[in-house]
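Listed below, chain by chain, are the residues.
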Amino acid sequence: MTGAAGGVGRLVVERLRGSGLPVRAFVHRDDGRAAELRALGADVAVGDLTRAADVVRALDGCRRVYFGLGVSSYYLEATVTAAAAALDHGHLEVFVNMSQMTVSQMTLASTSESRQQRQHWLAEQTLNWSGLPVTHIRPTVFMENPIFQMIMAADVAQDNTIRLPFGSGRTSPVATQDVAEVAATVLATPDTHVGRTYHLTGERSRDMTAIAQELTCALGRNITYLDVPHAQWVRTRLNPLGLPEHIREHLSTVARLHAENRYDRATDDVELITGHSPLSLRDFVQSRCAAFTGDTPAR
């Protein structure tokens, strides 16, 4: 289990341990988050995903692998290292790869995507070539993405306005908890999922004007959407976050691709795997109401 300290990975650990399954969680640092994983009953391995010796040690005795890594300049190197270690290890029942939905619209010659999205595409090619028993999970943009949970939330808290450069582009953000439940389900019962690719979205695709109406209902305040020029948004809202260049470039591209309607996707895969509908954006916002009112920083 890589990427176990936060986001989807942490929730996957919780669900697997809640089902009584043994979990080895691979983390980069032995910190407070690692201690929380141990408290859940996970066996914690500390190391570097780009160091083959660390990955081989973490794989010892494991039969099922979840590979998930956040936006990172070394994403492809980590994937290839994990794949090589898994092949050397052998005896795997499933290698669950956390990818992203943009990959499904990419080709070898496409150039409009971010460097991170290109690494995801190459990583999937590598895993497919490897012959490992792979299941690809491709979520669309997360509700917890900084674009929504930090920038949009702060603007709504400030003056009830969503300022994003999405134009009339449509989107269907998905909750981390739904993606984690899909991954945990595949890991717990892998037989019917090996070789499959799942595309995970929220309940429906709609434009930002419709999303503003959903926030209006969720917050009990009149929320409006204001389309802003992409360059202005990057300069005034994204750059001040002080993110590493690789992450900043990726988020800038995600915003641009939204305006090009590349995120207008809706599938039933969450319900197909979990047996229930994905979390609605309205319920998500209500569960984090303070972030949209300014009572606490968005996280």
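Quick summary incoming for the structure in this document.

The next subject is the sheet that holds strand S4 (residues 94–98). Reading across from one edge, S3-S4-S5-S8 is the order of the four strands in this open sheet, with parallel pairing throughout. In this open sheet, the two strands that pair with only one neighbour each are strand S3 (64–67) and strand S8 (197–200). Sheet twist, expressed as the mean angle between neighbouring strand axes with direction ignored, is 15°. Relative to strand S5 (residues 134–139), S4 runs parallel, the two sharing four bridges. Each bridged residue has a counterpart across the sheet, and for Asn97 the counterpart in S5 is His136.

The next thing to look at is empty space enclosed by the protein. Summed over all chains, the structure comprises two cavities of 30 Å³ or more. Volume-wise, the second largest cavity comes out at about 40 Å³. Residue lining of the second largest cavity: Met101, Thr102, Gln105, Thr140, Arg262, Tyr263 and Arg265, and that is the complete set. For the lining of the second largest cavity, the residue count by class is two nonpolar, three polar and two charged.

A complete count under the given rule lists three aromatic pairs for this structure. On the numbers, 6.0 Å between centres and 70° between planes, the contact of Phe67 with Tyr75 is edge-to-face. The buried category is assigned to Phe67, whose relative accessible area is 0%. The interplanar angle of 25° and the centroid separation of 6.2 Å between the aromatic rings of Phe67 and Phe95 together place this pair among those described as stacked. Taken together, the residues Phe67 in strand S3 and Phe95 in strand S4 connect sequence positions 28 residues apart. Given a relative accessible area of 1%, Phe95 falls into the buried group. Here the aromatic residues Phe67, Tyr75 and Phe95 are joined through ring pairs into a cluster of three or more.

Glancing now at the nonpolar core. One finds Met152, Ile162, Leu164, Leu215, Trp233 and Phe292 to be the most contacted residues of the largest nonpolar core, which totals 35 residues. Among the elements of the structure, helix H6 (146–159), strand S6 (161–164), helix H8 (208–219), helix H9 (230–238), helix H10 (245–259) and helix H12 (281–287) are those that each provide at least two residues to this core. Among all residues touching Phe292, those that are not within four sequence positions of it are Phe148, Met152, Ala153, Val156, Ala157, Leu215, Leu219, Arg221 and Val285. By size, the runner-up hydrophobic cluster in this structure holds 28 residues, among which are Val8, Ala42, Val186 and Leu200.

On to the environment of Ser280, then. Its place among the elements puts Ser280 in the loop between helix H11 (269–274) and H12. Residues Ser280 and Glu214, 66 residues apart in the sequence, show an inter-C-alpha distance of 9.5 Å. Contacts of Ser280, omitting those with residues within four sequence positions, involve Met143 and Glu203. A distance of 3.0 Å separates a polar side-chain atom of Ser280 from the backbone nitrogen of Asp283.

What the second largest pocket holds in volume is close to 380 Å³. As for the second largest pocket, its lining consists of 14 residues, of which Pro22, Val23, Arg24, Arg63 and Arg64 are closest to the centre. Grouping the amino acids of the lining of the second largest pocket by side-chain chemistry returns nine nonpolar, one polar and four charged.

On to the pairing of strand S2 (residues 43–46). Where a strand is regular, its side chains alternate between the two sheet faces. Bridge count between strand S1 (residues 24–27) and S2: four bridges; the pairing is parallel. Across the sheet, the residue bridging to Ala25 is Val44, located in S2. Note on the crossover from S1 through helix H2 (residues 32–39) to S2: the handedness is right-handed.

In this section: the packing of helix H5 (residues 115–130) against H10. Packed helices, taken two at a time, are described by their axes: the angle between them and the distance between them. It is the contact of H5 with H10, at a shortest axis distance of 7 Å, that shows an interaxial angle of 90°. The orientation of H5 with respect to H10, classified from their angle, is roughly perpendicular. From H5, Arg115, Gln116, Gln117 and Gln119 reach across to H10, where they touch Glu245, His246, Glu249, His250, Thr253, Val254 and Leu257. Among the residues forming the contact of H5 with H10, the class breakdown is two nonpolar, six polar and three charged.

A positive phi is found at Asn160, a non-glycine position, where the angle reads about 60°. Here Asn160 shows up in the loop between H6 and S6. Note on Asn160: relative accessible area 25%, which makes it partly exposed. Unusually for a residue other than glycine, Asn261 sits at a positive phi of about 65°. When you line up the elements, Asn261 lands in the loop between H10 and H11. Given a relative accessible area of 33%, Asn261 falls into the partly exposed group.

Basis of the calculations
Residues numbered from 1 in each chain as written. Predicted model: local features only at pLDDT ≥ 70, side-chain atom pairs only at ≥ 80, totals over all residues. Heavy atoms only, no water. Pairing = 2+ DSSP bridges. Helix = DSSP H or I, 4+ residues; strand = E, 2+ residues; numbered from the N terminus. Axes fitted to C-alpha atoms, helices over the stretch in contact; angles between N-to-C directions. 1 Å grid on protein atoms, 1.4 Å probe; cavity = no way out; pocket = protein on both sides within 12 Å on 5 of 7 lines; lining within 4 Å. Points joined across faces, edges and corners; volume = space filled by probe spheres on them. Nonpolar A, V, L, I, M, F, W, Y, C, P; charged D, E, K, R; others polar. Phe/Tyr/Trp six-rings, centres within 6.5 Å; stacked < 30°, edge-to-face > 60°. Buried < 20%, exposed > 50% of the residue type's maximum accessible area, 1.4 Å probe, protein only. Core = buried A, V, L, I, M, F, W, Y, C linked by side-chain atoms within 4.5 Å. Contact = heavy atoms within 4.5 Å. Polar contact = N/O pair within 3.5 Å; in protein donor to acceptor, adjacent residues only side chain to side chain. Right-handed = clockwise from strand over helix to strand, strands pointing away. Parallel < 35°, antiparallel > 145°, perpendicular 65-115°, else oblique.

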